[in-house]
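# Overview (structure and organization)
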Amino acid sequence: MGQINATGNIVAEIPQVIVEIDPSYMITPDLKIWTSFRYFSKTYANINDAYYFNGRWETFGGLNWQVNDKLALGCTVVNFLNQTGAKGSIAGAELIEKEDAGQYAGHVMAGSYIRPFTVEFSASLKF
């Protein structure tokens, strides 16, 4: 069985650069609008740095309304820039070496994906 030397490699699933911008604005004392922009740089998908995902943005935004002391309503929009693609790791690719990665080009591989565009509504009641 071969040995793995990960010396000098980047940790899988952790980007080297993460930037988060979270502007928000209180329209009234009870009504808040907000957004969140997160940039993840190139991220490796296995411990040998053979596979990677290009940099990507994740975006969220929403509106929160504190109706009264007991009721809060919210609306959140996920991925409003409608980014697509994969993230995280690729199942079964943990030990593939950089030299061998090319032989898998064009093959279907399973992994995790960026959350799709969704609109979510919430309500919170306090007793």
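To start, this report covers the structure provided alongside it.

Scoring rules and cut-offs
- Residues numbered from 1 in each chain as written.
- Predicted model: local features only at pLDDT ≥ 70, side-chain atom pairs only at ≥ 80, totals over all residues.
- Heavy atoms only, no water.
- Helix = DSSP H or I, 4+ residues; strand = E, 2+ residues; numbered from the N terminus.
- Rg over C-alpha atoms; globule rule 2.2 N^0.38 Å.
- Contact = heavy atoms within 4.5 Å.
- Areas by Shrake-Rupley, 256 points an atom, 1.4 Å probe, with all protein chains shown as cover.
- Salt bridge = Lys/Arg side-chain N within 4 Å of Asp/Glu carboxyl O.
- Buried < 20%, exposed > 50% of the residue type's maximum accessible area, 1.4 Å probe, protein only.

### Some words on the overall build of the chain
Helix and strand counts for the chain come out as zero helices and 10 strands. Taken from the N to the C terminus, the helices and strands of the chain come in the order β-β-β-β-β-β-β-β-β-β. At 20 Å, the chain has a C-alpha radius of gyration far larger than the 14 Å of a compact globule built from 127 residues. Dimensions along the principal axes, computed over C-alpha positions, put the chain at roughly 65 × 30 × 25 Å. Counted over contacts in the chain with a minimum sequence separation of 6, partners at least 24 positions apart contribute 59%. Of the roughly 8,800 Å² of accessible surface on the chain, 58% is carried by carbon and sulfur atoms.

### Remarks on the pattern of salt bridges
Counted under the stated rule, the structure contains four salt bridges. Where glutamate 20 meets arginine 38, a salt bridge forms, and the shortest distance between an N and an O atom there is 3.2 Å. One end of the pair, glutamate 20, is in strand E1 (residues 18-21); the other, arginine 38, is in strand E3 (residues 31-40), with 18 residues separating them in the sequence. For glutamate 58, the salt bridge goes to lysine 87, with nearest N and O atoms at 3.9 Å. A residue pair is termed long-range when its members are at least 10 positions apart, and glutamate 58 in strand E6 (residues 56-66) and lysine 87 in strand E8 (residues 86-90) qualify at 29 residues. The class of glutamate 58 is buried, set by a relative accessible area of 12%. Using a relative accessible area of 25% as the deciding quantity, one classes lysine 87 as partly exposed. Linked through salt bridges whose partners overlap, the residues forming this network are Arg56, Glu58 and Lys87.

That's the geometry; what it means functionally is another story.
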